[in-house]
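Secondary and tertiary structure notes
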Amino acid sequence: MTYAAGIIGVGCYLPEKTLTNQDLEKMVDTSDAWIIERTGIRTRHIAAPSQATSDLSYEAALRALADAKTKPEELDLIIVATETPDYKYPSTACLLQAKLGAKNAACFDLSAGCSGFVYALGIGSQSIVSGLYKKILLVGAETLSRIINWTDRNTCVLFGDGAGAAVLGRVEEGYGVLAVDLGADGTGGEHLIQPGGGSRNPASHATVDAHDHTIHMNGREVFKFATRRMPNACKTILQKAGMTIDDVTLLIPHQANRRIIDNAINRLKIDRERVWVNIDRHGNMSAACIPVSLTEAQEAGCLHKGDNVMLVAFGAGLTWAGALVKWAK
Ligand code: ACO
């Protein structure tokens, strides 16, 4: 016996403090005009010093659980997709389990960069389809502000902090996750990397001095990868689902750069009105982008039962991930 798996609740949390392009003009050699023209970003949220990724996750999770009318004890599994865990270990998912009192849930973190939430959706939904689990909490959460080199204008203008969550459960046949495409090209790993702090370059005074604990990015290579992989992933998913782009009610792409999103719109030949864009307000929140967007889209009344929602992302790894979800709420 198999079951249909779908999203039954969503929620998000964005820290109160914001950092505008004008604020950044005072920190590095950049300008509001450059950032808007090259990325589309105007402002981003920054976590308070007392907040770590599990704190942001907790707030988003509470909202998603309320939306799903689900109690923490009902959760069988918690997956937190993040590149900025509170600690190397224990996992942020375990910390979140303790905060929520979700004592029946197995827990793990998932590292797939900005594709992490869609990876979690793909893997999590199969655990429901197979009958292994009934309810799963997926979280995409980041405090990227903690791993940014605030003196590097190439990267510090791009990122923001935030968290989004979704509860997965059994839904009516024909609804929920219809198709998934997960992939990676590990040969591009060096293009987006936090080189210090792991077993290759353990933390030392030298790694701190060299900013090895911050994001190192070859923006042009990542840009090329993204413009190729995102549209390809969408086409693969549509093929798997037996649909065309005209059947997609809403496309939620990863929010890394407005120009990457525009490129995908052109390649896929989808109307702009059917593409969710919030990069101007949040910047790139890595794994949090898609669940935050889903929550905002639901709150804006843009998601209705039966809508075909396409999610697509790319990120560190390099990875890509796409999913087509028939909205079941
Ligand atoms: N302000 C002003 N000038 C800048 C800034 C800035 N903030 N940043 C770079 N520049 C300069 C560069 O130094 C360069 O100057 P030069 O020509 O004198 O050397 C010039 O602008 C052009 O630089 P490019 O790198 O060619 O700029 P580009 O138009 O490619 O935009 C960007 C750079 C925004 C980083 C783009 O390449 C991009 O978005 N790449 C993808 C990034 C991405 O998706 N990352 C995902 C990370 S997600 C994760 O997993 C954490």
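Residues numbered from 1 in each chain as written. Predicted model: local features only at pLDDT ≥ 70, side-chain atom pairs only at ≥ 80, totals over all residues. Heavy atoms only, no water.

Remarks on the site of the ligand
Around the ligand there are 24 residues in total, and Thr-30, Arg-38, Cys-114, Arg-220 and Asn-257 lie nearest to it. One of the backbone nitrogen or oxygen atoms of Arg-153 is found 3.0 Å away from a nitrogen atom of the ligand. For the ligand, whose free accessible area comes to 1,000 Å², the fraction covered by protein is 77%. Among the secondary structure elements, those contributing two or more residues to the shell around the ligand are α2 (32–39), α6 (153–156), α8 (219–241) and α9 (258–268). If you tally residues by element for the shell around the ligand, the top one is α8, at 4 residues. The residue makeup of the shell around the ligand, split by class, is 13 nonpolar, 6 polar and 5 charged. (Near = heavy atom within 4 Å. Polar contact = N/O pair within 3.5 Å; in protein donor to acceptor, adjacent residues only side chain to side chain. Areas by Shrake-Rupley, 256 points an atom, 1.4 Å probe, with all protein chains shown as cover. Helix = DSSP H or I, 4+ residues; strand = E, 2+ residues; numbered from the N terminus. Nonpolar A, V, L, I, M, F, W, Y, C, P; charged D, E, K, R; others polar.)

Concerning the packing of aromatic side chains
Here the structure, examined in full by the defined rule, presents 1 aromatic pair. Between Phe-225 and Trp-320, the aromatic rings sit 6.2 Å apart at their centres with planes inclined by 55°, giving tilted as the arrangement. Here Trp-320 lies in strand β13 (residues 319–326) and Phe-225 lies in helix α8, a separation of 95 residues in the sequence. In this structure, Arg-229 packs its charged tip against the face of Trp-320, placed 4.0 Å from the ring centre. Its end group placed over the ring of Tyr-175, Lys-305 keeps NZ or CZ at 5.1 Å from the ring centre. (Phe/Tyr/Trp six-rings, centres within 6.5 Å; stacked < 30°, edge-to-face > 60°. Lys NZ or Arg CZ within 6 Å of the ring centre and 35° of its normal.)

Considerations on the sheet that holds strand β8 (residues 176–184)
One open sheet holds the 4 strands; their spatial order is β8-β13-β12-β11, and the pairing between them is mixed. The open sheet has two free edges, formed respectively by β8 and β11 (250–253), since each of these has just one partner strand. This sheet shows a mean twist of 10° between the axes of neighbouring strands, independent of strand direction. In this structure, β8 lies alongside β13, joined through 8 bridges in antiparallel fashion. Note that in β13 the partner of Val-177 across the bridge is Val-325. (Pairing = 2+ DSSP bridges. Axes fitted to C-alpha atoms, helices over the stretch in contact; angles between N-to-C directions.)

Overview of the packing of helix α3 (residues 53–67) against helix α4 (residues 92–100)
Remark: α3 packs on α4, axes separated minimally by 9 Å, with the N-to-C direction vectors making an angle of 55°. Judged on the interaxial angle alone, α4 and α3 are oblique. Pair α3 / α4 crosses with right-handed handedness. Contacts from Thr-53, Ser-54, Asp-55, Ser-57, Tyr-58, Ala-61, Leu-62 and Leu-65 in α3 reach Thr-92, Leu-95, Leu-96, Lys-99 and Leu-100 in α4. Here the contact of α3 with α4 is built from residues that sort into 7 nonpolar, 4 polar and 2 charged. (Parallel < 35°, antiparallel > 145°, perpendicular 65-115°, else oblique. Left-handed = near helix turned anticlockwise from the far one by under 90°. Contact = heavy atoms within 4.5 Å.)

Here's the deal with the sheet that holds strand β4 (residues 77–81)
Taking strand neighbours across the sheet as the criterion, the 5 strands line up as β1-β7-β6-β4-β5 in an open arrangement whose pairing is mixed. Taken across any chain shown, the strands that pair with only one partner, and hence form the sheet edges, are β1 (4–13) and β5 (106–110). For this sheet, the mean inter-axis angle between neighbouring strands, taken without regard to orientation, is 20°. Bridging between strand β6 (residues 136–142) and strand β7 (residues 162–171) involves 7 bridges; their strand directions are antiparallel. Paired with Gly-140 across the bridge in β7 is Gly-164.

Side note on the pattern of salt bridges
As a working rule, side chains carrying opposite charge can pair if their charged atoms are close by. A complete count under the given rule lists 12 salt bridges for this structure. In this structure, Glu-74 and Lys-135 form a salt bridge, with 3.0 Å as the shortest nitrogen-oxygen distance. Within this pair, whereas Glu-74 is found in the loop between α3 and β4, its partner Lys-135 is found in the loop between α5 (116–129) and β6, the two being separated by 61 residues in sequence. Here Glu-296 makes a salt bridge to Arg-281, at a shortest N to O gap of 3.0 Å. A residue pair is termed long-range when its members are at least 10 positions apart, and Glu-296 in helix α11 (residues 289–299) and Arg-281 in helix α10 (residues 279–282) qualify at 15 residues. Linked by salt bridges that have partners in common, Arg-258, Asp-262 and Arg-272 make up one network. (Salt bridge = Lys/Arg side-chain N within 4 Å of Asp/Glu carboxyl O.)

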